[in-house]
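In case you want the letters, here they are:
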Amino acid sequence: MKWTDDRSGNVDDRRGSGGGGGAIVGGGLGTIIIAAIVFFLGGDPSAILSSGGSSSPRTEQRELSQGELQVGEFVKMITAENEETWTKIFAENGMQYKPARVVLFEDGTDSGCGQAQSAMGPFYCPADQSVYMDMKFFDELQSKFGAKVTEFTIAYVMAHEMGHHVQNLLGTLDKTDQLRRSGRYSEAELNQVSVATELQADFYAGLWARYSNEREKFLEPGDLESAVEAAEAVGDDNIQKRSQGYVNQESFTHGSSAQRKEWFMKGYNSGDIKQGDTFNQLLR
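In this text, all values refer to a predicted model and were calculated from it rather than measured experimentally. (Residues numbered from 1 in each chain as written. Predicted model: local features only at pLDDT ≥ 70, side-chain atom pairs only at ≥ 80, totals over all residues. Heavy atoms only, no water.)

Sheet strands line up and pair through hydrogen bonds in the backbone, either parallel or antiparallel. Read from one edge to the other, the open sheet built from four strands follows the order 1-2-6-5, with strand pairing classed as mixed. Strands at the two margins of the open sheet, each flanked by one partner only, are strand 1 (11–13) and strand 5 (123–125). Strand-to-strand twist in this sheet, taken as the mean axis angle between neighbours without regard to direction, amounts to 20°. By the bridge criterion, three bridges tie strand 5 to strand 6 (residues 130–133) in an arrangement that is antiparallel. (Pairing = 2+ DSSP bridges. Helix = DSSP H or I, 4+ residues; strand = E, 2+ residues; numbered from the N terminus. Axes fitted to C-alpha atoms, helices over the stretch in contact; angles between N-to-C directions.)

Structure follows, in C-alpha coordinates:
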(Lines give C-alpha, C1' and ligand atoms only; values in the text may rest on other atoms or scores of the structure.)
Protein backbone atom coordinates (compact mmCIF):
# COMPACT_ATOMS: atom_id res chain seq x y z
CA MET A 1 0.00 0.00 0.00
CA LYS A 2 1.05 3.58 -0.54
CA TRP A 3 1.97 5.69 2.46
CA THR A 4 0.21 8.99 3.11
CA ASP A 5 1.57 12.10 4.81
CA ASP A 6 -0.88 11.89 7.73
CA ARG A 7 0.30 11.02 11.24
CA SER A 8 -1.69 10.73 14.47
CA GLY A 9 -0.60 11.95 17.89
CA ASN A 10 -2.73 9.28 19.57
CA VAL A 11 -0.06 6.56 19.41
CA ASP A 12 1.76 5.59 22.61
CA ASP A 13 4.91 3.66 21.66
CA ARG A 14 6.12 1.75 24.73
CA ARG A 15 8.57 -0.49 22.91
CA GLY A 16 12.07 -0.36 24.28
CA SER A 17 10.87 1.09 27.57
CA GLY A 18 11.73 -1.96 29.68
CA GLY A 19 8.21 -3.35 30.05
CA GLY A 20 7.06 -6.80 31.00
CA GLY A 21 6.19 -8.27 34.36
CA GLY A 22 2.54 -8.86 33.51
CA ALA A 23 0.51 -11.86 34.60
CA ILE A 24 -0.01 -14.54 31.98
CA VAL A 25 -3.33 -15.75 30.66
CA GLY A 26 -4.59 -18.63 32.80
CA GLY A 27 -6.14 -21.90 31.72
CA GLY A 28 -3.09 -23.72 30.40
CA LEU A 29 -3.77 -22.75 26.78
CA GLY A 30 -1.09 -22.74 24.13
CA THR A 31 0.08 -19.57 22.42
CA ILE A 32 -1.96 -20.25 19.28
CA ILE A 33 -5.19 -20.74 21.24
CA ILE A 34 -4.54 -17.70 23.42
CA ALA A 35 -3.99 -15.60 20.32
CA ALA A 36 -7.10 -17.05 18.72
CA ILE A 37 -9.22 -16.11 21.71
CA VAL A 38 -7.94 -12.61 22.22
CA PHE A 39 -7.06 -11.67 18.64
CA PHE A 40 -9.92 -9.51 17.36
CA LEU A 41 -11.68 -9.81 20.75
CA GLY A 42 -14.97 -7.95 20.77
CA GLY A 43 -15.63 -7.84 24.49
CA ASP A 44 -13.59 -6.96 27.54
CA PRO A 45 -10.18 -8.71 27.49
CA SER A 46 -10.21 -8.78 31.31
CA ALA A 47 -12.74 -11.59 30.98
CA ILE A 48 -9.88 -13.97 30.15
CA LEU A 49 -6.98 -12.21 31.86
CA SER A 50 -5.92 -13.94 35.03
CA SER A 51 -4.31 -12.33 38.05
CA GLY A 52 -2.64 -15.65 38.76
CA GLY A 53 0.16 -17.42 36.95
CA SER A 54 3.77 -16.53 36.47
CA SER A 55 5.03 -13.19 35.34
CA SER A 56 6.89 -12.26 32.20
CA PRO A 57 10.49 -11.22 32.81
CA ARG A 58 11.10 -7.51 32.65
CA THR A 59 13.09 -6.38 29.66
CA GLU A 60 15.91 -3.87 29.65
CA GLN A 61 15.42 -0.44 28.14
CA ARG A 62 16.85 -0.18 24.66
CA GLU A 63 16.94 2.02 21.59
CA LEU A 64 14.49 1.13 18.83
CA SER A 65 15.98 0.04 15.52
CA GLN A 66 15.36 1.96 12.31
CA GLY A 67 12.97 -0.76 11.22
CA GLU A 68 11.02 -0.48 14.46
CA LEU A 69 10.89 3.29 14.15
CA GLN A 70 9.50 2.91 10.65
CA VAL A 71 6.82 0.54 11.97
CA GLY A 72 5.91 3.22 14.50
CA GLU A 73 5.51 5.76 11.71
CA PHE A 74 3.34 3.32 9.77
CA VAL A 75 1.08 2.78 12.79
CA LYS A 76 0.78 6.56 13.28
CA MET A 77 -0.23 6.85 9.63
CA ILE A 78 -2.88 4.10 9.81
CA THR A 79 -4.21 5.56 13.06
CA ALA A 80 -4.56 8.97 11.41
CA GLU A 81 -6.39 7.44 8.43
CA ASN A 82 -8.79 5.70 10.81
CA GLU A 83 -9.43 8.94 12.65
CA GLU A 84 -10.14 10.88 9.48
CA THR A 85 -12.39 8.22 7.99
CA TRP A 86 -14.45 7.55 11.10
CA THR A 87 -14.82 11.26 11.84
CA LYS A 88 -16.34 11.58 8.36
CA ILE A 89 -18.62 8.53 8.69
CA PHE A 90 -19.88 9.61 12.12
CA ALA A 91 -20.50 13.16 10.87
CA GLU A 92 -22.48 11.82 7.91
CA ASN A 93 -24.72 10.05 10.41
CA GLY A 94 -25.15 13.02 12.78
CA MET A 95 -22.65 11.82 15.39
CA GLN A 96 -19.28 12.91 16.77
CA TYR A 97 -16.33 10.55 16.68
CA LYS A 98 -13.91 10.24 19.59
CA PRO A 99 -10.51 8.83 18.52
CA ALA A 100 -9.03 5.75 20.15
CA ARG A 101 -5.50 5.54 21.46
CA VAL A 102 -3.09 2.97 20.00
CA VAL A 103 -0.46 1.42 22.27
CA LEU A 104 2.58 -0.33 20.80
CA PHE A 105 4.31 -2.62 23.27
CA GLU A 106 6.58 -5.64 23.53
CA ASP A 107 6.44 -8.57 25.97
CA GLY A 108 3.89 -6.96 28.29
CA THR A 109 2.32 -3.72 29.47
CA ASP A 110 -0.48 -2.38 31.62
CA SER A 111 -3.91 -1.80 30.08
CA GLY A 112 -7.25 -0.68 31.42
CA CYS A 113 -8.39 -4.30 31.05
CA GLY A 114 -5.46 -5.85 32.92
CA GLN A 115 -1.99 -6.94 31.87
CA ALA A 116 -1.41 -7.17 28.12
CA GLN A 117 1.02 -9.76 26.77
CA SER A 118 2.50 -10.38 23.37
CA ALA A 119 1.06 -13.92 23.26
CA MET A 120 -2.43 -12.45 23.29
CA GLY A 121 -2.25 -10.73 19.93
CA PRO A 122 -3.80 -7.34 19.15
CA PHE A 123 -6.90 -6.41 21.14
CA TYR A 124 -9.17 -3.50 22.01
CA CYS A 125 -9.80 -2.49 25.62
CA PRO A 126 -13.13 -0.68 26.13
CA ALA A 127 -12.15 0.48 29.61
CA ASP A 128 -9.46 2.86 28.32
CA GLN A 129 -10.64 3.02 24.69
CA SER A 130 -7.28 1.82 23.43
CA VAL A 131 -6.00 -0.64 20.84
CA TYR A 132 -3.02 -2.71 22.04
CA MET A 133 -0.55 -3.98 19.46
CA ASP A 134 2.59 -6.11 19.82
CA MET A 135 3.96 -6.23 16.29
CA LYS A 136 5.63 -9.60 16.94
CA PHE A 137 2.19 -11.13 16.61
CA PHE A 138 2.37 -10.72 12.86
CA ASP A 139 5.28 -13.16 12.76
CA GLU A 140 2.95 -15.74 14.31
CA LEU A 141 0.12 -14.80 11.97
CA GLN A 142 2.42 -15.82 9.13
CA SER A 143 4.24 -18.78 10.65
CA LYS A 144 1.41 -20.41 12.62
CA PHE A 145 -1.79 -19.22 10.95
CA GLY A 146 -0.53 -19.38 7.36
CA ALA A 147 -1.23 -15.79 6.28
CA LYS A 148 1.20 -13.78 4.18
CA VAL A 149 1.80 -10.55 6.09
CA THR A 150 1.97 -7.27 4.19
CA GLU A 151 1.62 -3.66 5.30
CA PHE A 152 -2.07 -3.81 4.46
CA THR A 153 -2.44 -6.93 6.62
CA ILE A 154 -1.36 -4.77 9.55
CA ALA A 155 -3.70 -2.01 8.39
CA TYR A 156 -6.59 -4.49 8.27
CA VAL A 157 -5.89 -5.78 11.78
CA MET A 158 -5.77 -2.24 13.14
CA ALA A 159 -8.95 -1.34 11.26
CA HIS A 160 -10.67 -4.37 12.80
CA GLU A 161 -9.65 -3.29 16.30
CA MET A 162 -10.79 0.26 15.50
CA GLY A 163 -14.06 -1.38 14.48
CA HIS A 164 -14.42 -2.56 18.07
CA HIS A 165 -13.82 1.03 19.17
CA VAL A 166 -16.65 2.12 16.88
CA GLN A 167 -18.84 -0.55 18.48
CA ASN A 168 -17.90 0.82 21.88
CA LEU A 169 -18.81 4.39 20.89
CA LEU A 170 -22.13 3.22 19.43
CA GLY A 171 -23.03 1.26 22.57
CA THR A 172 -22.84 -2.15 20.90
CA LEU A 173 -20.23 -3.53 23.30
CA ASP A 174 -22.29 -2.42 26.29
CA LYS A 175 -25.29 -4.32 24.93
CA THR A 176 -23.31 -7.49 24.27
CA ASP A 177 -21.74 -7.27 27.72
CA GLN A 178 -25.20 -6.99 29.29
CA LEU A 179 -26.23 -10.14 27.41
CA ARG A 180 -23.18 -12.00 28.70
CA ARG A 181 -23.82 -10.94 32.28
CA SER A 182 -27.58 -11.57 32.29
CA GLY A 183 -27.32 -15.31 32.82
CA ARG A 184 -30.26 -15.87 30.47
CA TYR A 185 -28.34 -17.30 27.55
CA SER A 186 -26.54 -20.57 26.88
CA GLU A 187 -22.88 -20.75 25.98
CA ALA A 188 -23.81 -21.54 22.37
CA GLU A 189 -26.05 -18.46 22.19
CA LEU A 190 -23.37 -16.24 23.66
CA ASN A 191 -20.92 -17.63 21.12
CA GLN A 192 -23.31 -16.42 18.43
CA VAL A 193 -23.25 -12.95 19.99
CA SER A 194 -19.45 -13.04 19.94
CA VAL A 195 -19.43 -14.11 16.28
CA ALA A 196 -21.76 -11.24 15.38
CA THR A 197 -19.52 -8.80 17.24
CA GLU A 198 -16.40 -9.97 15.42
CA LEU A 199 -17.98 -10.06 11.97
CA GLN A 200 -19.29 -6.54 12.44
CA ALA A 201 -15.74 -5.39 13.26
CA ASP A 202 -14.61 -7.05 10.02
CA PHE A 203 -17.39 -5.17 8.20
CA TYR A 204 -16.21 -1.89 9.72
CA ALA A 205 -12.64 -2.70 8.63
CA GLY A 206 -13.84 -3.13 5.06
CA LEU A 207 -15.86 0.07 5.29
CA TRP A 208 -12.77 1.92 6.53
CA ALA A 209 -10.74 0.57 3.61
CA ARG A 210 -13.37 1.76 1.11
CA TYR A 211 -13.67 5.30 2.53
CA SER A 212 -9.93 5.73 3.09
CA ASN A 213 -8.99 4.53 -0.36
CA GLU A 214 -11.53 6.85 -1.98
CA ARG A 215 -9.79 9.73 -0.18
CA GLU A 216 -6.15 8.67 -0.37
CA LYS A 217 -5.94 6.16 -3.24
CA PHE A 218 -3.50 4.12 -1.17
CA LEU A 219 -4.53 0.60 -2.18
CA GLU A 220 -2.22 -1.26 -4.51
CA PRO A 221 -2.71 -4.59 -6.34
CA GLY A 222 -2.84 -7.44 -3.82
CA ASP A 223 -3.70 -5.31 -0.78
CA LEU A 224 -7.33 -6.38 -0.46
CA GLU A 225 -6.32 -9.96 -1.08
CA SER A 226 -3.82 -9.81 1.80
CA ALA A 227 -6.53 -8.52 4.14
CA VAL A 228 -8.92 -11.27 3.06
CA GLU A 229 -6.18 -13.88 3.51
CA ALA A 230 -5.56 -12.67 7.07
CA ALA A 231 -9.29 -12.69 7.82
CA GLU A 232 -9.60 -16.24 6.51
CA ALA A 233 -6.49 -17.37 8.42
CA VAL A 234 -8.07 -16.46 11.77
CA GLY A 235 -11.46 -17.94 10.98
CA ASP A 236 -12.59 -20.30 13.74
CA ASP A 237 -12.67 -23.29 11.40
CA ASN A 238 -9.08 -22.75 10.25
CA ILE A 239 -7.81 -22.23 13.79
CA GLN A 240 -9.64 -25.29 15.12
CA LYS A 241 -8.30 -27.48 12.32
CA ARG A 242 -4.76 -26.33 13.07
CA SER A 243 -5.02 -26.60 16.85
CA GLN A 244 -7.25 -29.64 17.44
CA GLY A 245 -7.66 -31.33 14.08
CA TYR A 246 -11.43 -30.96 13.80
CA VAL A 247 -14.12 -28.25 13.64
CA ASN A 248 -16.85 -27.65 16.23
CA GLN A 249 -19.15 -25.01 14.78
CA GLU A 250 -21.10 -24.48 18.03
CA SER A 251 -17.90 -23.28 19.70
CA PHE A 252 -17.20 -20.60 17.07
CA THR A 253 -16.62 -17.18 18.65
CA HIS A 254 -15.22 -15.19 15.72
CA GLY A 255 -16.84 -16.65 12.61
CA SER A 256 -15.67 -19.01 9.91
CA SER A 257 -13.06 -18.06 7.32
CA ALA A 258 -15.80 -17.65 4.73
CA GLN A 259 -17.87 -15.40 7.02
CA ARG A 260 -14.93 -13.18 7.87
CA LYS A 261 -14.11 -12.71 4.20
CA GLU A 262 -17.79 -12.10 3.38
CA TRP A 263 -18.30 -9.36 5.96
CA PHE A 264 -15.02 -7.58 5.27
CA MET A 265 -15.84 -7.46 1.57
CA LYS A 266 -19.43 -6.43 2.29
CA GLY A 267 -18.12 -3.41 4.17
CA TYR A 268 -15.75 -2.57 1.35
CA ASN A 269 -18.22 -3.09 -1.47
CA SER A 270 -21.25 -1.44 0.15
CA GLY A 271 -19.59 1.65 1.61
CA ASP A 272 -22.66 1.93 3.85
CA ILE A 273 -22.41 1.59 7.63
CA LYS A 274 -26.11 0.68 7.78
CA GLN A 275 -25.38 -2.59 5.96
CA GLY A 276 -23.34 -3.94 8.89
CA ASP A 277 -26.09 -5.45 11.06
CA THR A 278 -24.47 -8.83 11.70
CA PHE A 279 -26.63 -9.32 14.78
CA ASN A 280 -29.84 -9.35 12.75
CA GLN A 281 -28.31 -11.82 10.31
CA LEU A 282 -27.04 -14.25 12.94
CA LEU A 283 -29.48 -14.06 15.84
CA ARG A 284 -32.83 -14.51 14.12
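What follows deals with the pairing of strand 3 (residues 108–111). Bridge count between strand 3 and strand 4 (residues 114–117): four bridges; the pairing is antiparallel. Of the residues in strand 4, the one forming a bridge with G108 is Q117. What sits between strand 3 and strand 4 in their antiparallel hairpin is a turn of two residues.

Moving on to unusual backbone geometry. The backbone of D107 shows a phi angle near 70°, a positive value even though the residue is not glycine. Mapped onto the secondary structure, D107 falls in the loop between strand 2 (101–104) and strand 3. With phi around 50°, Q129 is a residue other than glycine that occupies positive phi space. If you trace the backbone, Q129 turns up in the loop between strand 5 and strand 6.

Within the structure shown, the criterion is met by 16 salt bridges. In this structure, R62 engages E68 in a salt bridge whose closest nitrogen and oxygen atoms are separated by 2.7 Å. Classification of R62 by relative accessible area gives partly exposed; the value is 34%. One salt bridge connects R62 with E106, and the closest N-O pair in it is separated by 2.7 Å. Remark: E106 occurs in the loop between strand 2 and strand 3 and R62 occurs in the loop between helix 1 (31–38) and helix 2 (66–92); sequence separation between them is 44 residues. Through salt bridges that share partners, D12, R14, R101 and D128 make up one connected network. (Salt bridge = Lys/Arg side-chain N within 4 Å of Asp/Glu carboxyl O. Buried < 20%, exposed > 50% of the residue type's maximum accessible area, 1.4 Å probe, protein only.)

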